Amino acid sequence: MTVHSSPRSPLEPGAGTTRTSGSERAGARQGTSATPRTPSAEESLWARCFHPAPSRSTQLYCFPHAGGSASFYFPVSAQLSSVAEVFAVQYPGRQDRRKEVSPRDIATLADQLYDALGPALRARPTTFFGHSMGATLAFEVARRLEADGGELVRLFASGRRAPSTVRDEKVHRLSDEGIVRELKLLAGTDTALLGDEEILRMILPAIRSDYEAIETYRCAPDVTVRTPITVLTGDSDPKTSMAEAEAWRGHTTGDFDLQVYPGGHFYLTAEAPAVIASLRKHLTGQG
């Protein structure tokens, strides 16, 4: 277990040891080995690139939490675009996709994501980073990629218990006011937005769908990926105990690393410098 602490520095909303392949290390040193490709319209709909770097030899895909949007990862993209091309996944039902219906189960969302992004994920060495619901979704997309003959360099699973661990949670069945209370408790959405009735009316359907998707998700204990997994968790996260974080070990046949940071469910907002440093170390093959 690796325990990290760092100076406090906020990652604005809207904002361990790793094993890397030889091709990734070489590409990180050269920095321009990838052949640029033009993303399809479907890829651009599902994954936003705030700082295009098509010549980078490796790429990072970031998956948001329940109710989150691609813009949460803008600061990550800004700080890592010098070493990788960074993409932030945009789910249906939010921001410019707010008129679309958000799937209410993880399997459907993972299928749609892989259908849209499969060619891009196989184009060059790819790493996933997912927070909360995004960690589970990234795991499911990794399963689909591997079943299709592809592979990931590594999966970073943040702020989420292992896929096979289950809690009896029913936030998606709460009233709108109950869901807002849950969001404020976890501090995952700008509290100013939660006080704006018009914005709430727009985002609550997607948030409710996300909660239903993750709360009804089930995975057998023997389901594994070949992808190495790094788990990141806050030491006081009410949604993930240390045992539940450690249980991710059973879902990979590759190597496993657990990184523990100070903080709760959204520890990564305060610990952004340490998290980004860990990602940079991995992406540059220095792990």
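Parameters and conventions
Each residue is numbered by its place in its chain's sequence as written, counting from 1. Under the rules for a predicted model, residues below a pLDDT of 70 receive no local features and side-chain atom pairs below 80 are neither given nor counted, while totals for whole chains, interfaces and linings still include all residues. The side-chain quantities take in all heavy atoms of the structure and omit both hydrogens and water. The salt bridge definition used is simple: a Lys or Arg side-chain nitrogen within 4 Å of an Asp or Glu carboxyl oxygen. Under the DSSP-based scheme used, a helix requires at least four consecutive residues in state H or I and a strand at least two consecutive residues in state E, with every element numbered from the N terminus. When accessible area is computed with a 1.4 Å probe and restricted to protein chains, residues below 20% of their type maximum are described as buried, those above 50% as exposed, and intermediate ones as partly exposed. In this description, a line fitted to the C-alpha atoms serves as the axis of each element, helices being fitted only across the stretch in contact, and the angle between N-to-C directions of two axes falls anywhere from 0 to 180 degrees. Roughly parallel covers angles under 35 degrees, roughly antiparallel covers those over 145, roughly perpendicular covers 65 to 115, and oblique covers all other angles. We call a crossing left-handed when the near helix sits turned anticlockwise from the far one by less than a right angle, and right-handed when that turn is clockwise. Here a residue-residue contact requires only that any non-hydrogen atoms of the pair lie within 4.5 Å. The nonpolar class holds Ala, Val, Leu, Ile, Met, Phe, Trp, Tyr, Cys and Pro. Asp, Glu, Lys and Arg form the charged class, and all remaining residues, Gly among them, are polar.

### Quick word on the pattern of salt bridges
Any two side chains of opposite charge can pair, given that their charged atoms come close.
(1) Moving on: A full pass over the atoms with the stated rule returns 16 salt bridges.
(2) Moving on: Of the charged contacts, one joins Arg-154 and Asp-255 as a salt bridge, the two residues approaching to 2.8 Å between their closest N and O atoms. Of the two residues, Arg-154 sits in strand 6 (residues 154-158) while Asp-255 sits in the loop between helix 9 (242-246) and strand 8 (256-261), which places them 101 residues apart along the sequence.
(3) Moving on: The exposure class of Asp-255 is partly exposed, given its relative accessible area of 26%.
(4) Moving on: The salt bridge partner of Glu-169 is Lys-239, with a shortest N-O separation of 3.2 Å. Pair noted here: Glu-169 is in the loop between strand 6 and helix 6 (176-186) and Lys-239 is in the loop between strand 7 (229-234) and helix 9, with a separation of 70 residues, a long-range link. A single burial state applies to Glu-169 and to Lys-239, both of which are buried.
(5) Moving on: Linked through salt bridges whose partners overlap, the residues forming this network are Asp-111, Glu-140, Arg-143 and Arg-144.

### Details of the packing of helix 4 (residues 106-121) against helix 5 (residues 133-147)
Angle between the axes and distance between the axes: these two values describe a pair of packed helices.
(1) Moving on: Helix 5 packs onto helix 4 with a crossing angle of 60° between their chain directions and a minimal axis gap of 9 Å. Classified by the interaxial angle, the pair formed by helix 4 and helix 5 is oblique. Note that helix 4 runs across helix 5; the crossing there is right-handed. From helix 4, Ile-106, Ala-107, Leu-109, Ala-110, Asp-111, Leu-113, Tyr-114 and Leu-121 reach across to helix 5, where they touch Met-133, Leu-137, Glu-140, Val-141, Arg-144 and Leu-145.
(2) Moving on: A class-by-class count of the residues in the contact of helix 4 with helix 5 yields 11 nonpolar, no polar and 3 charged.

Remember that the coordinates give geometry; whether it matters functionally is a separate question.
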